[in-house]
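# Report on the structure
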Amino acid sequence: MSQQRKTDSIEIAVIGGGVIGLATGWRLARSGKKVVVFEKKEAGRGAGWASAGMLAPQTEAGYEQKDLLEFSLESLRKYPEFLRELTEDSGIKVEAGKTGSLFCALNRDDLERLQRFFDFRQRLGFPVMKLKGEETREKEPYLSPRVTASVFVPDDWHLDSRKLLAALKTAFINKGGLIHEDSPVTEILLDGKTAAGIKVLDPKTKTEKEVKANTLVLAAGAWSSQIKGLPENLIPPIRPIKGMILNLKAESCPLSHVIRAEGVYLVPKQNGRLLVGATSEEKGYDVSPLAGGIKDLLQNAFDIVPGISECPLEEIQIGLRPANRDHSPVLGPSPIQGLYYAAGHYRHGILLAPMTALEVSHSVLTGDFERLKPFSITRFFSSAAA
Ligand SMILES: Cc1cc2nc3c(=O)[nH]c(=O)nc-3n(C[C@H](O)[C@H](O)[C@H](O)COP(=O)(O)OP(=O)(O)OC[C@H]3O[C@@H](n4cnc5c(N)ncnc54)[C@H](O)[C@@H]3O)c2cc1C
């Protein structure tokens, strides 16, 4: 959908119509700002479209990512209110399910990994439980008899990320936001140390035009480092990490929890789909589905839930995770007045959408960015270039 209105001078330009750009744009529009999202293809079809929709900060907690973990836990806590307001503005009900995750072990190596996984989460005070093979199968009867133990993480949630994207798009438009699709931003325009606007490719004429805007939000996911115009030290060190998920019709093995094991996760969705993910491939911007990745996912999933061999394969979902050098996002203001970042959410963009949208829009509206300080672009200034 491309709405036509003259936009040669606008208040706020959001670069990128993925989950982060749409969520941030929606919050700004909700506060009465005139916001235009520029999207190079179709809004809502970036990495978020391919995502598994897991909201699992406890399972995903990394050993040296304290700030990210706190931000993630806070984002999960904000989700119910965020979804309530989203329904209010979009008329679309997006439900998040608190199914919990079972992290399963099949062999001795897995058991050692499982113990480390359990110990770390217990130290953090998360309510994790260790289960024997039998106990695991009581919770999830379709698991293979080869599963010898598991850790249950009861506080993990997940949602349908495609429904979330549809709701964000509708809510943004309902609040007066404009989306220009097929409109890649080719350059960020600066006037000294102040944001002045963007250059964008006009979908009709295929020529570049300048759009003036004093406030820019860079939310172009894995492509955020590819747009011209920024001084080198202000280009976020983001690279694409390809992820593939197999979308199965799972009537023959309905699962009720998210199942994780080495090299695979299985996420049951409400409409009878089962998502089997995900690969993690450094292939630049190439998004072709490779046979090896499909084979590995199916083999790993089959080892845990043998019944998947009877499930029709409906779709192969591929997306590019936007990964910063330290795998945490870049958020908030930059040394260029009027330029804000909302990029580099790597594996957690769906989970982090509420906090990103709330805090980035808060910093645009008020100038206060205290909560975003750990994610400032300035953290890369002292380290060597990537
Ligand atoms: C297989 C897979 C599974 C995942 N599972 C989960 C999960 O379970 N939970 C979770 O929290 N996260 C998950 N993620 C991560 C999550 O999808 C991403 O972190 C999130 O989508 C990032 O959002 P984004 O808006 O920054 O980027 P994207 O969703 O990629 O959106 C960026 C948008 O910017 C547009 N764009 C790019 N360049 C330009 C330009 N020059 N001009 C205009 N527009 C431009 C793109 O076309 C795109 O629409 C998963 C990702 C993958 C690939």
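Residues numbered from 1 in each chain as written. Predicted model: local features only at pLDDT ≥ 70, side-chain atom pairs only at ≥ 80, totals over all residues. Heavy atoms only, no water.

We now examine empty space enclosed by the protein. Over the atoms, a rolling probe the size of a water molecule traces out where space has been left empty. For the structure shown, the criterion picks out 3 cavities of 30 Å³ or more. The calculated volume of the largest cavity comes to roughly 70 Å³. If you go around the largest cavity, the residues you meet are Pro 57, Glu 60, Ala 61, Gly 62, Gln 65, Leu 68, Leu 69, Ser 72, His 348 and Leu 351. Of all the secondary structure elements, the ones that give two or more residues to the lining of the largest cavity are α3 (57-60) and α4 (66-90). At 3 residues, the largest contribution of residues to the lining of the largest cavity is made by α4. Looking at the lining of the largest cavity residue by residue, the class counts come to 5 nonpolar, 4 polar and 1 charged. Taken as a whole, the second largest cavity encloses approximately 50 Å³ of empty space. (1 Å grid on protein atoms, 1.4 Å probe; cavity = no way out; pocket = protein on both sides within 12 Å on 5 of 7 lines; lining within 4 Å. Points joined across faces, edges and corners; volume = space filled by probe spheres on them. Helix = DSSP H or I, 4+ residues; strand = E, 2+ residues; numbered from the N terminus. Nonpolar A, V, L, I, M, F, W, Y, C, P; charged D, E, K, R; others polar.)

Taken together, 37 residues form the shell around the ligand, and within it Glu 39, Met 54, Tyr 346, Arg 347 and Leu 351 come nearest. Within the contact set of the ligand, an oxygen atom lies 3.2 Å away from a backbone nitrogen or oxygen of Gly 53. Those elements giving two or more residues to the shell around the ligand turn out to be α1 (19-30), α2 (47-50), β13 (239-249), β17 (313-323) and α9 (349-366). Taken together, the residues of the shell around the ligand break down into 20 nonpolar, 13 polar and 4 charged. Both domains that furnish three or more residues to the shell around the ligand are identified here as domain 1 (9-91 + 161-237 + 325-380) and domain 2 (101-154 + 239-323). (Near = heavy atom within 4 Å. Polar contact = N/O pair within 3.5 Å; in protein donor to acceptor, adjacent residues only side chain to side chain. Domains from an automatic or database assignment.)

Another aspect to go through is α4. Here α4 spans 34 Å end to end across 25 residues, near enough to the 36 Å set by a 1.5 Å rise per residue. Along α4, the sharpest change in direction is near 45° and occurs at Tyr 79; proline Pro 80 comes one to four residues later. Of the residues trailing α4, Gly 91 is marked for its positive phi of about 75°. (Expected span 1.5 Å × (residues − 1). Bend = angle between axes of the 7 residues up to and from the residue.)

The domains assigned to the chain are domain 1 (9-91 + 161-237 + 325-380) and domain 2 (101-154 + 239-323). Each of domain 1 and domain 2 has a C-alpha centre, and these two points are 29 Å apart. The junction of domain 1 with domain 2 conceals about 2400 Å² of combined surface from both sides, 58% of it contributed by carbon and sulfur atoms. Looking only at domain 1, the three residues that lose the most surface to domain 2 are Gln 58, Thr 59 and Tyr 346, adding up to 25% of its buried area. At the junction of domain 1 with domain 2, the criterion picks out 2 salt bridges. Residue Arg 162 pairs with Glu 315 through a salt bridge whose shortest N-O separation is 2.9 Å. On inspection of domain 1 and its partner domain 2, the count reaches 12 residue pairs in polar contact (both at pLDDT 80 or more). Mapped onto the side of domain 1 that touches domain 2, the elements with two or more residues apiece are α2, α3 and α4. (Buried area = accessible area lost by both parts, 1.4 Å probe. Salt bridge = Lys/Arg side-chain N within 4 Å of Asp/Glu carboxyl O.)

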